[in-house]
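Fold and geometry: a report
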Amino acid sequence: MPRILESDVIAGVFVVEPDSHGDERGRFIETYRRSWFPQGREMVQANRSDKLAHTVVGLHYHLHQADYWLVPKGLARVVLHDLREGSPTDGATLVLEIGEADSRGVFIPPGVAHGFAAVTDMMITYMVDGYYNPDDELGVAWDDPEIGADWGVSDPILSARDQANPPRSALPADRRPHAGLRR
């Protein structure tokens, strides 16, 4: 049985430590089950992204969408920050590493900003419980001192979008997540 551990830093974030079974042919890992996440919904879209070492992606967030991340190749330093007003962990930041060596996955609820630094060249797969919606693709500054994330990379490779995200203090009121907000 895999271990499903709720974060003691950010409410509603779950880290999955899966069982791994192997023999001379290779390895088998069950990476996801809907039943592991009591507040989760059906995942409806899966995506893959390949990143070069020293790339930073994020911080992104959604008002209505949850994500489930897995890094089957390489190593990522994941940064999560609770933006949800009314959450018991509002303002908390969690940093953890996931990758092919441990095969851990992470469930990220709506309103929790998320990003990662590619420690090595890597591949990330992520499932989401909502189809792509540009109105629910939001961001906060990856280097906001209020968030205080340690990305573990110097001179990161960043997209124009991620360079332009505002600090937490400048997020518009109508784009701030609230605990329990979900369609």
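Before reading further, recall that the structure is shown in the block above.
Residues numbered from 1 in each chain as written. Predicted model: local features only at pLDDT ≥ 70, side-chain atom pairs only at ≥ 80, totals over all residues. Heavy atoms only, no water.

Description of the pairing of strand E4 (residues 26-29)
The two faces of a sheet get side chains in turn, since along a regular strand they alternate between them. In this structure, strand E3 (residues 20-23) lies alongside E4, joined through four bridges in antiparallel fashion. By the bridge assignment for E4, Gly22 is matched with Arg27. The hairpin formed by E3 and E4 contains two residues between the paired strands. (Pairing = 2+ DSSP bridges. Helix = DSSP H or I, 4+ residues; strand = E, 2+ residues; numbered from the N terminus.)

Looking at the packing of aromatic side chains
Using the criterion set out here, one finds ten aromatic pairs in the structure. When the centroid spacing of 5.9 Å and the interplanar angle of 25° are considered together, the rings of Tyr32 and Phe37 count as stacked. Residue Tyr32 shares its accessibility class with Phe37, and that shared class is buried. Ring centres of Tyr32 and Tyr68 lie 5.1 Å apart, and the angle between their planes is 55°; this geometry places the pair in the tilted category. Here Tyr32, found in the loop between E4 and strand E5 (45-51), pairs with Tyr68, found in strand E7 (residues 67-73); they are 36 residues apart in sequence, far enough to count as distant. Of the aromatic side chains, those joined through ring pairs into one cluster are Phe14, Tyr32, Trp36, Phe37, Tyr68 and Phe107. (Phe/Tyr/Trp six-rings, centres within 6.5 Å; stacked < 30°, edge-to-face > 60°. Buried < 20%, exposed > 50% of the residue type's maximum accessible area, 1.4 Å probe, protein only.)

Remarks on the sheet that holds strand E12 (residues 122-128)
Read from one edge of the open sheet, six strands run E1-E2-E10-E7-E12-E5, paired in antiparallel fashion. Only two strands of the sheet have a single partner each, and these edge strands are strand E1 (3-6) and E5. Strand after strand, the sheet turns through a mean of 20° between neighbouring axes, direction not considered. With four bridges connecting them, E1 and strand E2 (residues 14-17) associate as antiparallel partners. Looking at E2, one finds that Leu5 is bridged to Val15. (Axes fitted to C-alpha atoms, helices over the stretch in contact; angles between N-to-C directions.)

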